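Analysis of the macromolecular model
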Amino acid sequence: MSLDLPPIPPSDLDPFGTAFFDNPYPEHERLRQAGPVVWIERYGVYGVARYDEVHHVLNDWRTFCSSRGVGLQDFSREKPWRPPSLVLETDPPEHDRARKVLARVLSPVTMRDLRDGFMEAADRLIRSLVGREIDGVADLAQAFPLSVFPDRIGLRHEGREHLLPYAGLAFNAFGPDNELRRTAMERAAPHIAWVNEQCRRENLSPDGLGARVHAAAVTGEVTGDEATLLVRSLLTAGIDTTVNGIGAALYCLGRFPDQFAALRADPSLARNAFEEAVRFESPVQTFFRTTTCDAELGGAAIPEGAKVLMFLAAANRDPRRWDRPDDYDITRKTSGHVGFGAGIHMCVGQLLARLEGEAVLHALARHVTRLEITGDPVRSYNNTLRGLASLPMRLI
Ligand code: OVM
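My aim in this report is to walk through the structure given alongside it, one point at a time. Sequence order as written defines the numbering, with residues in each chain counted from 1. Reporting in this predicted model follows two pLDDT cut-offs: at least 70 for local features of residues, and 80 or more for side-chain atom pairs to be given and counted; totals over whole chains, interfaces and linings ignore these cut-offs and use all residues. Side-chain metrics rest on all non-hydrogen atoms present in the structure, leaving aside hydrogens and water.

**Overview of the overall build of the protein**
What counts here: Secondary structure is summarised from DSSP: a helix means a run of H or I of at least four residues, a strand means a run of E of at least two, and numbering begins at the N terminus for each. Our radius of gyration is a C-alpha quantity, and the globule rule it is checked against amounts to 2.2 Å times the number of residues to the power 0.38. Only heavy atoms enter the contact rule, under which two residues are in contact if any of them lie within 4.5 Å. Computed by Shrake-Rupley with a 1.4 Å probe, the accessible areas treat only the displayed protein chains as cover when residues are assessed. Positive charge is attributed to Lys and Arg, negative charge to Asp and Glu, and no charge count is given to His or to the chain ends. Charge positions are represented by NZ for Lys, CZ for Arg, CG for Asp and CD for Glu.
Assigned secondary structure in the protein consists of 16 helices and 13 strands. The C-alpha atoms of the protein give a radius of gyration of 21 Å, which matches the 21 Å a tight globule of 396 residues would have. By its C-alpha atoms, the protein is 65 × 50 × 40 Å across when sized along the principal axes. Taking the intrachain contacts of the protein between residues at least 6 apart in sequence as the baseline, contacts between residues at least 24 apart amount to 73%. Counting every atom, the protein has about 16600 Å² of accessible surface; 52% of that belongs to carbon and sulfur. Within the protein, the 53 negative side-chain charges are centred at a point lying 3 Å from the centre of the 46 positive side-chain charges.

**What to know about helix α6 (residues 136–153)**
Defined as follows: In this analysis, the expected span of each helix is defined as 1.5 Å times one less than the number of residues it contains. Think of it this way: the bend at a residue is just the angle between two axes, each fitted to seven residues, one set ending at that residue and the other starting at it. Classification of residues uses two cut-offs on accessible area relative to the type maximum, computed with a 1.4 Å probe and protein chains only: under 20% is buried, over 50% is exposed, and between them is partly exposed. We call two N or O atoms a polar contact when they sit within 3.5 Å, provided that within protein one can donate a hydrogen and the other can accept it, with sequence-adjacent residues counted only if both atoms are side-chain atoms.
With 18 residues, α6 ought to run about 26 Å at 1.5 Å a step, and its terminal C-alpha atoms sit 24 Å apart, in line with that. The principal kink in α6, of about 40°, is found at A143, preceding the proline P145 by one to four residues. Along α6, the positions that sit buried rather than exposed are G136, V137, L140, A141, F144, P145, V148, F149, P150 and I153. Sitting at the amino-terminal end of α6 is D135, which places a side-chain oxygen 2.9 Å from the backbone nitrogen of V137. G154 sits one or two positions beyond α6 and adopts a positive phi of about 100°.

**Topic: the sheet that holds strand β10 (residues 371–373)**
Rules: Only strands that DSSP links by at least two bridges are regarded as paired with each other. To obtain each axis, a line is fitted to C-alpha atoms, and for helices this fit is confined to the stretch in contact; angles are then taken between N-to-C directions over 0 to 180 degrees.
Strand order across the open sheet formed by 3 strands is β5-β13-β10, with antiparallel pairing between neighbours. A single partner strand is all that each edge strand has here, and the edge strands are β5 (133–135) and β10. Neighbouring strand axes in the sheet, compared pairwise and without regard to direction, differ in orientation by 35° on average. Relative to strand β13 (residues 392–395), β5 runs antiparallel, the two sharing 3 bridges. Its bridge partner being in β13, E133 is matched across the sheet by R394.

**A look at the site of the ligand**
Applied cut-off: Nearness here has a simple test: a residue counts as near a molecule or strand if at least one of its heavy atoms is within 4 Å of that partner.
Around the ligand sit R82, S85, V87, L88, A170, F171, F174, S233, T236 and A237, and that is every residue in its neighbourhood. Residue S85 places a side-chain N or O atom 2.6 Å away from an oxygen atom belonging to the ligand. Take S233: an N or O atom from its side chain is 2.6 Å from an oxygen atom of the ligand. Across the complex, the protein chains shield 90% of the 310 Å² of accessible surface that the ligand would expose by itself. Counting residues per element, the ones that place at least two in the shell around the ligand are α7 (163–172) and α11 (224–237).

**Considering the nonpolar core**
Quick note on the threshold: Here the nonpolar core consists of buried residues drawn from Ala, Val, Leu, Ile, Met, Phe, Trp, Tyr and Cys, with membership extended through side-chain atoms lying within 4.5 Å.
Counting 80 residues, the largest nonpolar core has F144, V213, L235, L263, L361, L364 and L371 as its most contacted members. The residues touching L371, leaving out its near neighbours within four places in the chain, are L250, L253, G254, F260, L364, M393, R394 and L395. Core analysis: the next-biggest nonpolar cluster, separate from the first, contains 25 residues, V37, L297, I302 and V308 among them.

**Here's the deal with the sheet that holds strand β4 (residues 64–65)**
The mixed open sheet is built from 6 strands, whose spatial order is β1-β2-β3-β9-β6-β4. Among the strands making up the open sheet, the edge pair consists of β1 (10–11) and β4. Bridging between strand β3 (residues 45–48) and strand β9 (residues 307–311) involves 3 bridges; their strand directions are parallel. From the neighbouring strand, Y46 faces β9, where its bridge partner is V308. Taken strand by strand, helix α3 (residues 51–59) contacts β3, β4, β6 (286–291) and β9, and its axis lies near 125° from that of β9.

**Quick notes on the pattern of salt bridges**
Here is the rule: Put simply, a salt bridge is a Lys or Arg side-chain nitrogen that is within 4 Å of an Asp or Glu carboxyl oxygen.
Scanning the entire structure with this criterion turns up 29 salt bridges. The salt bridge partner of R160 is D151, with a shortest N-O separation of 2.8 Å. The closest approach of N and O atoms between R156 and E158, which form a salt bridge, is 3.4 Å. For R156, a relative accessible area of 34% translates into the label partly exposed. A relative accessible area of 53% means that E158 is categorised as exposed. Members of the salt-bridge network, linked through shared partners, are R68, D74, R77 and E304.

**Points about the environment of V148**
Tracing the sequence through the fold places V148 in helix α6. Residues in contact with V148, not counting those within four places in the same chain, are F118, A121 and E356.

**With respect to the side chain of R379**
Topologically, R379 is positioned in strand β11 (residues 378–380). It is E281 that comes nearest to the buried, bridge-free R379 among opposite-charge side chains, at 4.9 Å. Within the local environment of R379, its side chain forms a polar contact with the backbone oxygen of G387, the two atoms lying 3.2 Å apart. Excluding anything up to four places from it in sequence, R379 contacts F21, D22, Y251, R386, G387, L388 and A389.

**A few points about unusual backbone geometry**
For residues besides glycine, phi is generally negative; the peptide bonds are generally trans as well. Residue P93 follows P92 across a cis peptide bond; omega there is 5°. Residue S282 is not a glycine yet carries a positive backbone phi of 50°. Topologically, S282 is positioned in the loop between α14 (270–281) and β6.

**Here we look at the packing of aromatic side chains**
Any pair of aromatic rings gets described here by the distance separating the centres and the angle formed by the planes. To keep things clear, this is the line we draw: Pairs were defined over the aromatic rings of Phe, Tyr and Trp, the Trp ring being its six-membered one, requiring ring centres within 6.5 Å. Orientation was assigned from the angle between planes: stacked under 30 degrees, edge-to-face over 60, tilted for the rest. Two conditions define a charge sitting above a ring: the NZ of Lys or the CZ of Arg must be within 6 Å of the ring centre, and it must be within 35 degrees of the ring normal.
Evaluated as defined, the whole model comprises 14 aromatic pairs. Between the aromatic rings of F16 and Y43, the centroid separation amounts to 5.7 Å while the plane-to-plane angle is 70°, which identifies the pairing as edge-to-face. With F16 in the loop between β1 and α1 (18–22) and Y43 in the loop between β2 (38–40) and β3, this pair connects stretches of sequence that are 27 residues apart. Members of the aromatic cluster, joined through ring pairs, are F20, F21, F311 and Y381. We note R279 situated over the ring of W322; from NZ or CZ to the ring centre the distance is 5.5 Å. Its end group placed over the ring of F280, R317 keeps NZ or CZ at 3.9 Å from the ring centre.

Structure below.
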């Protein structure tokens, strides 16, 4: 036993339990205070909750790899529930080839083409909701992405109801074999079958983003089967994430009326107001990495083959990094938050996510004078995603 490095404080927390999901903030503070690295006894994994260590792990892919899975399961010891993602669950150099294709499809040039249509769609949706009692989740946070994303991908209309359950399953699958994950797996078969089928070139409209992923197979950059798997990444990561991001922004603007007033006074703050909601709520709460060798982290010794759980949400509110971390402030300098991750795996769809968020918040700023929460928000439980199942509200 090595005595020259400090012991790692244990934690009996269940970071995938509903009690924690109901109010993670006191536990986040306890984890940050315990030390730079903690030992999560229940699952036999290391945890990092301070900004510096989370940022370090995200930026050292050689030591903290993704190819053994970014959930609790170690793919080198257990069979993954689906063929691994070619971007999320790979390391360089395989990762970089796949990433390049998606980065091109989700580039600033693509955003320029999508922008006007997204702004108009958000305008129309918000105008249709003003003066009504609505569910901010179903009628807005889900309705907006579902009204733009599947069409732009080039998906057929029939079966789109599989998209959110499939994403919910994929994000639950990163967690332990708890009731959330088991229940999702029991119901998974029809969602998996539909999504996998839609990823094929012949099932995507020729003018959509899905077809543009398949265009990379024509030039030989990837194989046809790889292109199909890359479209699966768009369908897995592209919808429930933005639903929860937009939901987070609505929940923030409802709880902090002075911030909604500031947004109305200056609608050009819409994009930063969305970004700050991603920092504040962190729709993607956690990801894991696996050590490729014996490593040192925050002064602690971590053996090879260990899982390290990154508490992205805790890093995004670490007082060592952020002033007034628990304030939702739409004028804050948000850069550096890890709500989209960091390093080589940082969200490849972040421009599309921001465009959706900006479109919704810009429309709210122009068409809504009051945004009121009118009933109890209902939480949605997922091993990775933080968000609401329902948010009763009135737009005036
Ligand atoms: C993927 C993917 C990427 C990011 C997040 C994610 C389920 C999946 O490539 O399939 O969450």
